[in-house]
Amino acid sequence: MFFRALIAFLALPGVVAILVPLAWLWSTAHTMLAHPLGLVPLIAGFAALLWCVCEFYVSGKGTLAPWAPPACLVETGPYRYSRNPMYIAVTSALLGWAATFGSLGLLIYALVVAVAFQLRVVFGEEPWLSRMHGSQWEQYRSRVPRWLW
C-alpha cells in the first residue's frame with residue numbers, strides 16, 4: 001500500500017505541483033527569486049499536501065489515486081476544516097511558485113488548475129462520495145465547507 005501511495009503522490013500532485021512548474025521555470029529561464037515571501041505559500045502548500053496524503057493513507061486506508069482511493073471517508077486532520085484541503089494545498093503551492101519567481105504564466109496555470117479542481121469536485125468526486133458513503137458523506141458535507149468558506 002505504501003508503494004502505491006508513493007506512486008500516486010509522484011504521478012498526480014507531483015506532476016501538477018512540482019514537475020510542471022519546474023519545467024515552466026526552466027523553459028522560461030526564471031531562475032531568480034522575484035519575491036522570496038512567495039516561498040511561504042509554496043512551502044505551506046507542500047506541507048499541507050503531505051499531511052493530506054498521510055491522512056488518506058493512515059485514516060482512510062488508501063491513497064489519493066483514483067485507482068486506490070481511501071476505503072474510509074477521511075474526516076481527520078485538515079479534512080476537519082475543508083472537504084478538499086489537498087486541492088487547496090496544491091493551489092497554494094502553485095501560487096507560491098508564481099509569486100516566488102514572478103511568473104505570470106505560472107499564475108495563469110494555477111488559476112486554470114483551481115478551476116479544474118472545482119469542476120472535478122462538483123461533477124466527479126462529490127457525487128461519487130455520496131454514492132460510496134451515503135449518510136456519512138451527507139453529515140460530513142453539512143458540517144465541513146467544500147473549500148474554507
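Relevant structure appears above.
## A closer look at helix α2 (residues 13-28)
Turning to step 1, where the next piece is worked out: With 16 residues, α2 ought to run about 22 Å at 1.5 Å a step, and its terminal C-alpha atoms sit 22 Å apart, in line with that.
Turning to step 2, where the next piece is worked out: At Leu-19, α2 is deflected by roughly 30°, the largest bend along its length, and proline Pro-21 occurs up to four residues later in sequence.
Turning to step 3, where the next piece is worked out: Those residues of α2 that sit buried are Pro-13, Gly-14, Ala-17, Pro-21 and Leu-25.
Turning to step 4, where the next piece is worked out: The elements touched by buried residues of α2 are α1 (2-11), α3 (39-58), α4 (85-101) and α5 (104-143).
Turning to step 5, where the next piece is worked out: Where α2 terminates, the next one or two residues include Ala-29, which has phi positive at roughly 60°.

## Looking at the state of the cysteines
By definition, a disulfide links the sulfur atoms of two cysteine residues through a covalent bond.
Turning to step 1, where the next piece is worked out: Per the stated rule, a full pass over the model turns up zero disulfides.
Turning to step 2, where the next piece is worked out: Just so you know, Cys-72 is unpaired, no disulfide at all, and the nearest cysteine sulfur is the one on Cys-54, 16 Å from it.
Turning to step 3, where the next piece is worked out: Classification of Cys-72 by relative accessible area gives partly exposed; the value is 37%.

## Concerning unusual backbone geometry
Turning to step 1, where the next piece is worked out: Phi is positive for Lys-61, which is not a glycine, with a value near 60°.
Turning to step 2, where the next piece is worked out: Inspection of the secondary structure assignment puts Lys-61 in the loop between α3 and α4.

## Comments concerning the nonpolar core
Turning to step 1, where the next piece is worked out: Residues Leu-49, Leu-64, Tyr-79, Met-86 and Trp-97 are the most contacted members of the largest nonpolar core, which totals 33 residues.
Turning to step 2, where the next piece is worked out: Contributing elements (two or more residues each) for this core: α1, α2, α3, α4 and α5.
Turning to step 3, where the next piece is worked out: Per-element accounting of this core gives the leading share, nine residues, to α4.
Turning to step 4, where the next piece is worked out: Beyond its immediate stretch of four places on either side in the chain, Tyr-79 contacts Cys-52, Glu-55, Phe-56, Val-74, Pro-85, Met-86, Tyr-140 and Val-144.

## Thoughts on the environment of Ile-88
Turning to step 1, where the next piece is worked out: Positionally, Ile-88 belongs in helix α4.
Turning to step 2, where the next piece is worked out: For the pair Ile-88 and Thr-28, spaced 60 residues apart in sequence, the C-alpha to C-alpha distance is 26 Å.

## Focus: the pattern of salt bridges
Turning to step 1, where the next piece is worked out: In total, this model carries five salt bridges according to the counting rule given.
Turning to step 2, where the next piece is worked out: Residue Glu-75 pairs with Arg-143 through a salt bridge whose shortest N-O separation is 2.2 Å. Of this pair, Glu-75 sits in the loop between α3 and α4 while Arg-143 sits in helix α5; the two residues are 68 residues apart in sequence, bridging distant segments of the chain.
Turning to step 3, where the next piece is worked out: Close ionic contact of Glu-126 with Arg-83 constitutes a salt bridge, the shortest N to O distance being 2.8 Å. Placement of the pair is Glu-126 in helix α5 and Arg-83 in the loop between α3 and α4, with a sequence separation of 43 residues.
Turning to step 4, where the next piece is worked out: The class for Glu-126 is buried, based on a relative accessible area of 11%.
Turning to step 5, where the next piece is worked out: The class of Arg-83 is buried, set by a relative accessible area of 11%.
Turning to step 6, where the next piece is worked out: A cluster of three or more residues bridged by salt bridges with shared partners is formed by Arg-83, Glu-126 and Arg-146.

Conventions we followed
Residues numbered from 1 in each chain as written. Predicted model: local features only at pLDDT ≥ 70, side-chain atom pairs only at ≥ 80, totals over all residues. Heavy atoms only, no water. Helix = DSSP H or I, 4+ residues; strand = E, 2+ residues; numbered from the N terminus. Expected span 1.5 Å × (residues − 1). Bend = angle between axes of the 7 residues up to and from the residue. Buried < 20%, exposed > 50% of the residue type's maximum accessible area, 1.4 Å probe, protein only. Contact = heavy atoms within 4.5 Å. Disulfide = S-S within 2.5 Å. Core = buried A, V, L, I, M, F, W, Y, C linked by side-chain atoms within 4.5 Å. Salt bridge = Lys/Arg side-chain N within 4 Å of Asp/Glu carboxyl O.

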